[in-house]
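Structure assessment
Chain by chain, the residues:
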Amino acid sequence: MSPSLTVIGAGRVGKTLAGLFQRKHVATIVDILNRTVSSAQQAVAMIGAGSPVDRFELLKPARIFLLAVPDDQIAPCCERLVQTGLIGAGNIVFHCSGALSSGELKNASAAGATVASIHPIRSFADPEKVMDDFAGTWCGVEGDAAALAVLGPMFEGIGARLVPVNTSSKTLYHAAAVFASNYLVSTLAVAQQAYVAAGIPEDVALELLAPLACETVDNVMRLGPAVALTGPIARGDLATVQRQQLAVEHWDSGYGELYRQLANATTRLAASRKTS
């Protein structure tokens, strides 16, 4: 029989994972706790299982508790969960934060539970799409071996690929994901704005970016960053880099500083290709 699971904080990540667990029959969903009953009801409708609740005091017993809440709420919610008396030996409490370790769940550990963190390394901007193509998603994992012995097969049951993460390096690990996703979006937004400042319509600017960005990412995945690098720095055309630096600074001083920092990082990457 699949283990019972309650989700605390069924936002994009929580309801997506619960929906996948339900769809693949790897967990039995018990309760969905959100700040309001209406939001919990909406999550239950997407998941297809569970009872909507809006207070910790209404939670029923479950073997596993997922805290899919914002990072700064993990420890407080864990404390409130322990105060319900539902947590003890045999329970598993885990969160999905990329930046924080399972150490945030120390109150659950003190109550006798085993704890872990499992962080899916992907964007959850579109939960329905994630549910449809979750298979193959890498998840960074760390925590108690006993907890991971149960959670690992559950995540593998929904198609996850697990990679161990050093507990002490969790923040740096998450920064890598921010570089790969969030800052990539920000950089593309700056590129679009620069095109617009150069007189190109905003919608056309996105169309210009698409083949550049998509082909570049594809090249990085196939060839590695150093080999995939092209452009003036890779060619050693420092005069062009300097002219671009001045042009961007003239347009926006903040983005000028961003260009300078990215140029420095790109120079280091180009140098690594020459020495490898």
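For the structure itself, consult the block above.
I will try to describe carefully the structure that is included in this document.

What the chain contains, in helices and strands, is 13 helices and eight strands. Expressed along its principal axes, the backbone C-alpha trace of the chain runs to roughly 65 × 40 × 30 Å. Across the chain, contacts joining residues at least 24 apart in sequence account for 56% of those joining residues at least 6 apart. Of the roughly 14600 Å² of accessible surface on the chain, 57% is carried by carbon and sulfur atoms.

For helix α8 (residues 182–197), which comprises 16 residues, the first-to-last C-alpha distance of 23 Å matches the rise-based estimate of 22 Å (1.5 Å per residue) to within 8%. Glycine 199, located one to two residues past α8, shows a positive phi value of around 100°.

Evaluation of the coordinates by the stated rule reveals eight salt bridges. Between arginine 80 and glutamate 57 there is a salt bridge, with the nearest N and O atoms lying 4.0 Å from each other. One end of the pair, arginine 80, is in helix α3 (residues 71–83); the other, glutamate 57, is in the loop between β3 (51–53) and β4 (64–67), and 23 residues separate them in sequence. Classification of arginine 80 as partly exposed rests on a relative accessible area of 41%. Classification of glutamate 57 as exposed rests on a relative accessible area of 58%. With a closest N to O distance of 3.0 Å, arginine 222 and aspartate 218 form a salt bridge. Of the two residues, arginine 222 and aspartate 218 both sit in helix α9 (residues 202–223), four residues apart, roughly one turn of that helix.

Turning our attention to the side chain of aspartate 31. By the element assignment, aspartate 31 lies in strand β2 (residues 28–33). Since its relative accessible area comes to 0%, aspartate 31 is described here as buried. Within the local environment of aspartate 31, its side chain forms a polar contact with the side chain of lysine 60, the two groups lying 2.5 Å apart. If sequence neighbours within four positions are ignored, aspartate 31 has contacts with Leu5, Thr6, Val7, Ser51, Val53, Leu58, Leu59 and Lys60.

This part takes up the sheet that holds β2. Strand pairing in a sheet relies on backbone hydrogen bonds. The paired strands run either parallel or antiparallel. Reading across from one edge, β3-β2-β1-β4-β5-β6-β7-β8 is the order of the eight strands in this open sheet, with mixed pairing throughout. The strands lining the two open edges of the sheet, one partner per strand, are β3 and β8 (161–164). Between one strand and the next, the sheet's axes are offset by a mean angle of 25°, whatever the strand orientation. Here strand β1 (residues 4–8) runs beside β4; their pairing, made up of four bridges, is parallel. Across the sheet, the residue bridging to leucine 5 is isoleucine 64, located in β4. The strands touched by helix α2 (residues 37–47) are β2 and β3; relative to β3, the strand with the most contacts, the crossing angle is about 160°.

Moving on, we get to the nonpolar core. Leu5, Phe21, Phe94, Phe134 and Phe155 are the most contacted members of the largest nonpolar core, which has 36 residues in total. No other element matches the five residues that helix α6 (residues 145–157) contributes to this core. Contacts of phenylalanine 134, omitting those with residues within four sequence positions, involve Leu17, Leu20, Pro120, Arg122, Phe124, Cys139, Ile158, Gly159 and Ala160. Residues Ala62, Ile87, Val93 and Ala108 belong to the second largest nonpolar core, which totals 21 residues.

Turning our eyes to something else, we now look at the packing of aromatic side chains. Scanning all chains against the criterion turns up four aromatic pairs. For the ring pair phenylalanine 94 and phenylalanine 155, a centre distance of 6.0 Å and an interplane angle of 80° mean the geometry is edge-to-face. In this pair, phenylalanine 94 sits in strand β5 (residues 92–95) while phenylalanine 155 sits in helix α6, placing the two residues 61 residues apart along the sequence. Like phenylalanine 94, the residue phenylalanine 155 is buried in the burial classification. Pairing phenylalanine 179 with tyrosine 183 gives two aromatic rings, centres 5.4 Å apart and planes at 80°, and the pair type is edge-to-face. Given the relative accessible area of 45%, tyrosine 183 is considered partly exposed. Joined through ring pairs, the aromatic side chains of Phe21, Phe94 and Phe155 make up one cluster.

Reading the values: rules and limits
- Residues numbered from 1 in each chain as written.
- Predicted model: local features only at pLDDT ≥ 70, side-chain atom pairs only at ≥ 80, totals over all residues.
- Heavy atoms only, no water.
- Helix = DSSP H or I, 4+ residues; strand = E, 2+ residues; numbered from the N terminus.
- Contact = heavy atoms within 4.5 Å.
- Areas by Shrake-Rupley, 256 points an atom, 1.4 Å probe, with all protein chains shown as cover.
- Expected span 1.5 Å × (residues − 1).
- Salt bridge = Lys/Arg side-chain N within 4 Å of Asp/Glu carboxyl O.
- Buried < 20%, exposed > 50% of the residue type's maximum accessible area, 1.4 Å probe, protein only.
- Polar contact = N/O pair within 3.5 Å; in protein donor to acceptor, adjacent residues only side chain to side chain.
- Pairing = 2+ DSSP bridges.
- Axes fitted to C-alpha atoms, helices over the stretch in contact; angles between N-to-C directions.
- Core = buried A, V, L, I, M, F, W, Y, C linked by side-chain atoms within 4.5 Å.
- Phe/Tyr/Trp six-rings, centres within 6.5 Å; stacked < 30°, edge-to-face > 60°.

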